[in-house]
Amino acid sequence: MPMLPIPAFVALVLGYLAARTLLSGGRPLLIAFLAACALQSLLVTLVGGYGIGWLRPILPVSATIIPPLAWITFQDALVTRLPLRSIAFHGAAPAFTLFCRIFAPETTDFIVPIVFAGYGIAILAQLRGASDMPLARLEAGSVPTVIWQVLGWALIISATSDVLIAVAFVTGYESWTGWMITISSSLALLLLGLLSGNPLASGAGDDEADAATPPPQETSKEDIEIIATLEAFLVREPMHLDPNLTLSRLARRLHLPEKRLSMAVNRATGANVSRYINTWRIRHACKLMEDGANVTTAMLESGFNTKSNFNREFLRETGVPPSQWRRGGQTSSNVTPIAEAGKAP
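Residues numbered from 1 in each chain as written. Predicted model: local features only at pLDDT ≥ 70, side-chain atom pairs only at ≥ 80, totals over all residues. Heavy atoms only, no water.

Draft legend 1. Spatial organisation of the overall build of the chain. When helices and strands are tallied, the chain shows 17 helices and 0 strands. Counting only residues that meet the buried cut, the chain has 48% of its 345 residues in that class. The long-range fraction of contacts in the chain, counting pairs at least 24 apart against all pairs at least 6 apart in sequence, stands at 74%. Split by element, the accessible area of the chain, about 17000 Å² in all, is 65% carbon and sulfur. (Helix = DSSP H or I, 4+ residues; strand = E, 2+ residues; numbered from the N terminus. Buried < 20%, exposed > 50% of the residue type's maximum accessible area, 1.4 Å probe, protein only. Contact = heavy atoms within 4.5 Å. Areas by Shrake-Rupley, 256 points an atom, 1.4 Å probe, with all protein chains shown as cover.)

Draft legend 2. The arrangement of the packing of aromatic side chains in detail. A full pass over the atoms with the stated rule returns 6 aromatic pairs. With a centroid separation of 6.5 Å and an interplanar angle of 20 degrees, the aromatic rings of Phe96 and Phe99 are classed as stacked. You can see Phe96 and its partner Phe99 sitting in helix 6 (residues 92–103), 3 residues apart, about one turn around the helix. For Phe99, a relative accessible area of 48% puts it in the partly exposed group. When the ring of Phe304 is compared with that of Phe310, the centres are 5.3 Å apart and the planes differ by 65 degrees; the resulting orientation is edge-to-face. (Phe/Tyr/Trp six-rings, centres within 6.5 Å; stacked < 30°, edge-to-face > 60°.)

Draft legend 3. Focus on the pattern of salt bridges. Enumeration according to the criterion identifies 10 salt bridges in this entry. The closest approach of N and O atoms between Glu237 and Arg253, which form a salt bridge, is 2.4 Å. Of this pair, Glu237 sits in the loop between helix 11 (221–236) and helix 12 (247–254) while Arg253 sits in helix 12, placing them 16 residues apart in sequence. Residue class for Glu237 comes out partly exposed when judged on its relative accessible area of 29%. Between Glu317 and Arg275 there is a salt bridge, and its shortest N-O distance comes to 4.0 Å. Linking Glu317 in helix 16 (residues 307–318) with Arg275 in helix 14 (residues 273–290), this pair joins segments that are 42 residues apart in sequence. By relative accessible area, which is 24% here, Arg275 ends up partly exposed. (Salt bridge = Lys/Arg side-chain N within 4 Å of Asp/Glu carboxyl O.)

Draft legend 4. How the structure looks around the packing of helix 6 against helix 7 (residues 108–128). Helix 7 packs onto helix 6 with a crossing angle of 170 degrees between their chain directions and a minimal axis gap of 10 Å. When the axes of helix 6 and helix 7 are compared, the pair comes out roughly antiparallel. Residues Ala93, Phe96, Thr97, Cys100 and Arg101 of helix 6 form the contact with helix 7, whose participating residues are Thr108, Ile111, Val112 and Val115. When its residues are assigned to classes, the contact of helix 6 with helix 7 shows 6 nonpolar, 2 polar and 1 charged. (Axes fitted to C-alpha atoms, helices over the stretch in contact; angles between N-to-C directions. Parallel < 35°, antiparallel > 145°, perpendicular 65-115°, else oblique. Nonpolar A, V, L, I, M, F, W, Y, C, P; charged D, E, K, R; others polar.)

Draft legend 5. Representation of helix 16 in the model. Taking 1.5 Å of rise per residue, 12 residues should cover 16 Å, and helix 16 covers 16 Å from first to last C-alpha, within 8% of that figure. Taken as a whole, helix 16 has its buried residues at Asn309, Phe310, Glu313, Phe314, Glu317 and Thr318. Down the axis of helix 16, the buried side of the element spans an arc of 135 degrees, and every buried residue falls inside it. Count one or two residues on from helix 16 and you reach Gly319, which has phi positive near 90 degrees. (Expected span 1.5 Å × (residues − 1). Arc of directions from axis to C-beta.)

Draft legend 6. Examining unusual backbone geometry more closely. Despite not being glycine, His255 has its phi angle at roughly 60 degrees, a positive value. By secondary structure assignment, the location of His255 is in the loop between helix 12 and helix 13 (258–269). Taking the relative accessible area as the measure of exposure, His255 reaches 73% and is therefore exposed.

Draft legend 7. Inspection of the side chain of Ser41 at higher detail. As for its position among the elements, Ser41 is in helix 2 (residues 28–49). Beyond its immediate sequence surroundings of up to four residues, Ser41 is in contact with Pro7, Val10, Ala11 and Leu14.

Draft legend 8. Expanded view of the nonpolar core. One finds Leu14, Phe33, Phe74, Leu78, Ile123, Met133 and Trp148 to be the most contacted residues of the largest nonpolar core, which totals 37 residues. Secondary structure elements with two or more residues in this core: helix 1 (6–23), helix 2, helix 4 (66–79), helix 6, helix 7 and helix 8 (143–170). Not counting residues within four places of it along the chain, the set of residues in contact with Phe74 comprises Val79, Ile123, Gln126, Leu127, Met133 and Trp148. Listed in part, the 20 residues of the second largest apolar core include Ile226, Leu254, Leu261 and Ala264. (Core = buried A, V, L, I, M, F, W, Y, C linked by side-chain atoms within 4.5 Å.)

Draft legend 9. Spotlight on the environment of Val163. In this fold, Val163 is placed in helix 8. Residue Val163 is classed as partly exposed on the basis of its relative accessible area of 40%.

Draft legend 10. Structural detail: a nonpolar patch on the surface. Residues Phe96, Leu98, Phe99, Ile102 and Phe103 make up a contiguous nonpolar surface patch of about 550 Å² in total accessible area. Secondary-structure assignment places Leu98 in helix 6. (Patch = residues over 30% accessible without salt bridge, like charges linked within 9 Å, V, L, I, M, F, W, Y side chains within 5 Å.)

Draft legend 11. Quick look at the packing of helix 2 against helix 4. Their axes nearest at 9 Å, the elements helix 2 and helix 4 cross at an angle of 160 degrees. Regarding the angle of helix 2 to helix 4, the classification is roughly antiparallel. In the crossing of helix 2 with helix 4, the sense of the turn from one axis to the other is left-handed. Of helix 4, the residues touching helix 2 (which contributes Leu29, Leu30, Ala32, Phe33, Ala36, Cys37 and Gln40) are Ile66, Leu69, Ala70, Ile72, Thr73 and Asp76. Looking at the contact of helix 2 with helix 4 residue by residue, the classes come out as 10 nonpolar, 2 polar and 1 charged. (Left-handed = near helix turned anticlockwise from the far one by under 90°.)

Draft legend 12. How the structure looks around helix 6. When the terminal C-alpha atoms of helix 6 are compared, their 16 Å separation across 12 residues agrees well with the 16 Å that a helix rising 1.5 Å per residue should span. Every buried residue of helix 6 is listed here: Ala93, Pro94, Thr97 and Cys100. Seen end-on, helix 6 carries its buried residues on one side only, within an arc spanning 120 degrees. Summarising the geometry of helix 6, the exposed residues directed more than 90 degrees from the buried face are Ile102 and Phe103.

In short, geometric facts, not functional conclusions.
This is how it looks when you write it as structure tokens:
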């Protein structure tokens, strides 16, 4: 009875995810990224599973399309919209791999892992250097950052896997390569499956770990002025009620650099921008419930898309879940003041 190799299963699942993302109006770069991963899994299946040897020379070239696409997708989802010229520049990786494959094929065993590891390290380095991602939806908290951290490590692990496969061939342990390809493909399926959902990839997550913010430094007079300006702006124009709000949009309206706004919020409140904005949202939800709104209405009208995120933030800010807070007749005065949100007790 014919058996379906695991890389073929990976290709089918990733192809389905790419199609689903396309039909749901997802980002074009994310669709291209998933499609490239699906194509690579298909090529691995045809070469390793069905012995179509003439496709083997294509594998290293097609593989080195994936890390640049991951980097471009990461930038587009969380950091900045890249110009076409910058996107085209990253085509150098597969182009150089093709050059090596034609003129120095023995070097591709080194080029491919370097490309994967290089882009993986670049993603992790950018995530490490910022507590807030400008294009991530503030409602999502730290979920997009965590997802892309996982992807960055996945690229590095894939590079390590390529090195081990090359070593297995050189040392005469070719029988091990099948298991290595199977394991790495299964890992890719798991990680890319997490990444493929539009909400996560674009910064609208469901589950949020505590945001990792750097230790607050001494607050300057300029920081206090920025926070005062921000609070006055949110009172006048309640952008915090928009679930699609990003740091980039908020900074643009305040005519401030994104990093400057993020640092001012962190130093003045001890929280990142996401948690600071969620504090405003919870105060608004409390006021709505005081006026008789039910929990779901208060959640949706306060800038939250998901109940789990709303419940978690509500519990963190008030100390009780929304249903208990409403039954207990609490008031919005019980919520931690905005300027104190995120500070250690």
